[in-house]
Amino acid sequence: MTSVRSGHGPLGSWEVALSLPHARLRPGVISYRGVRLALDRPRRRLEAPIGAATLLLGFGESVRISRAGRAPDTLVSVYCGPTTTPAIGEHNGRLSGIEVLLAPWAAFSLFGTPQYELANRTVDPDELPHVLPGRVDELAAALGALPSWGARFGLLDDVLVRWSRGGTAPSARVVRAWAELVRTGGAIPVPRLAEDVGWSVRQLESRFREQIGLGPKAAARVLRLQRARRLLAAGRGQAETAAMCGFYDQAHLSGEFKAMTGCTPREFTLARRGAHGPAAGDRISGEATSLVLAAPGSRGSADFSKTPGVG
């Protein structure tokens, strides 16, 4: 079932469509999110790390993505695996496409590329050495030509089911270990996780990096912080959130927050509360994954672009 929200105001118009993938694709394919923005000014967003890989199928407009330590990438369709660092996405105010959220092991299966080669990177999916029976940009163009979000999501289901049949099978132990990390919000100790799936810690780390992109400790950090953002957004205090998510104390939570989002928990929470304009557009429904940043020379929005680790 497809849910569509739209609006029009002084800044322009926007439309967001949400849908679950076909049951045959789950749990590897997590969600679809269609976006159409027609704004009167450029848009900048800070994207925090999440425990998923992202495939953006763009319909023509490009997005510029910046990450600390790397040259910016300007792309129409984008693949980004799990990361431990924030990114800033920018466009000219017009953007349309479908964002597919994938479990990291499903992205490994789809593209067959060792995910550690893509950690903290943003790439054109057609540049990956995959063996898919078609090009991603051709799929994006076909999706953009359809008249409705429902039709687009239906075609996407059909294509991904077909493509997944020819993909690289992920390790069942990696899938199980990842599911347990997600279930516990990154709280399970790595030695216990390895024991649960019948591997040594070294074996788990090697296969995790290949099929998830991050080692199990790094992945646990991302999932802990993702849960912390969710609790803070729901109104929990920092001390309570730190205790619930397995941080040593509030200072530990603040340090991890700064390292992986470029801002403190307080800055992030206040910026979320003060956001104005079109729908927030978080990559995961109901979670705090993004911040709208101030456009150059404007006032009233958060701007962490000069924070160490962000820009």
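Here the structure is shown first, and the text comes after it.
Fair warning: this is a prediction, and the values are worked out from it, not measured in the lab. By convention here, each chain's residues receive numbers from 1 onward along its written sequence. Given that the model is predicted, a residue must reach a pLDDT of at least 70 before its local features are reported, and side-chain atom pairs must reach 80 or more before they are shown or counted; all residues, however, enter totals for whole chains, interfaces and linings. Each side-chain value is worked out from all heavy atoms of the structure, with water and hydrogens disregarded.

A. Region of interest: the overall build of the chain. Along the backbone of the chain there are ten helices and eleven strands. Relative to the globule expectation of 19 Å for 311 residues, the C-alpha radius of gyration of the chain, 19 Å, shows essentially globular dimensions. Taking the principal axes of the C-alpha coordinates as reference, the chain spans close to 55 × 50 × 35 Å. Think of it in three bands: with a 1.4 Å probe and only protein chains considered, a residue is buried below 20% of the maximum accessible area for its type, exposed above 50%, and partly exposed in between. Looking at the chain residue by residue over its 311 residues, the buried ones come to 53%. Residue contacts follow a heavy-atom distance rule, with two residues in contact if any of their heavy atoms lie within 4.5 Å. Looking at the chain alone, contacts between residues at least 24 apart form 68% of all its contacts between residues at least 6 apart. Carbon and sulfur atoms provide 52% of the accessible area of the chain, an area that totals close to 14200 Å². Secondary structure elements follow DSSP: runs of H or I no shorter than four residues count as helices, runs of E no shorter than two count as strands, and numbering proceeds from the N terminus. Taken over C-alpha atoms, the radius of gyration is set against a globule rule of 2.2 Å times the number of residues to the power 0.38. Shrake-Rupley sampling with a 1.4 Å probe provides the accessible areas, and residues are treated as covered by the protein chains on show and by no other component.

B. View of the packing of aromatic side chains. Think of it this way: a Phe, Tyr or Trp ring, Trp meaning its six-membered ring, pairs with another when their centres are within 6.5 Å, and the plane angle makes it stacked under 30 degrees, edge-to-face over 60, tilted otherwise. Inspection of every chain in the model, using the stated rule, returns six aromatic pairs. Seen in terms of ring centroids, Tyr32 and Phe153 are 5.6 Å apart; in terms of plane orientation they differ by 25 degrees. Their pairing is stacked. Of the two residues, Tyr32 sits in strand 3 (residues 29–39) while Phe153 sits in helix 3 (residues 149–165), which places them 121 residues apart along the sequence. There is no split in this pair, since Tyr32 and Phe153 are both buried. Ring geometry for Phe59 versus Trp149: centroids 6.3 Å apart, planes at 25 degrees, classification stacked.

C. Up close: the side chain of Ser290. Relative to the elements of secondary structure, Ser290 occurs in strand 11 (residues 290–293). On the basis of relative accessible area, Ser290 is assigned to the buried category, the value being 2%. Within polar-contact distance, the side chain of Ser290 engages the side chain of Arg45 at 3.3 Å. Throughout this description, a polar contact denotes any pair of N or O atoms lying within 3.5 Å of each other; where both atoms belong to protein, one of them has to be capable of donating a hydrogen while the other can accept it, and for residues adjacent in sequence the pair is counted only when both atoms sit in side chains. For Ser290, the side chain forms a polar contact with the side chain of Thr289, separated by 3.2 Å. Excluding anything up to four places from it in sequence, Ser290 contacts Arg45, Leu46, Glu47, Phe268, Arg272, Gly281 and Asp282.

D. Region of the structure containing helix 10 (residues 265–273). Burial in helix 10 covers these residues: Pro265, Phe268, Thr269 and Ala271. Axial view of helix 10: buried residues confined to an arc of 165 degrees, hence all on one face. What points out from helix 10, more than 90 degrees from its buried face, is the exposed set Arg266 and Arg273. Against helix 7 (216–233), helix 8 (238–245), helix 9 (250–261) and strand 11 lie the buried residues of helix 10. Think of it as the arc spanned by the lines of direction from the helix axis to the C-beta atoms.

E. Region of interest: unusual backbone geometry. Pro27 follows Arg26 through a cis peptide bond whose omega is 10 degrees. Along the chain, the position of Pro27 falls in the loop between strand 2 (12–19) and strand 3. The phi dihedral of Asn120 falls on the positive side, at around 55 degrees, and the residue is not glycine. Take Asn120: it is sitting in the loop between helix 1 (104–111) and helix 2 (136–145).

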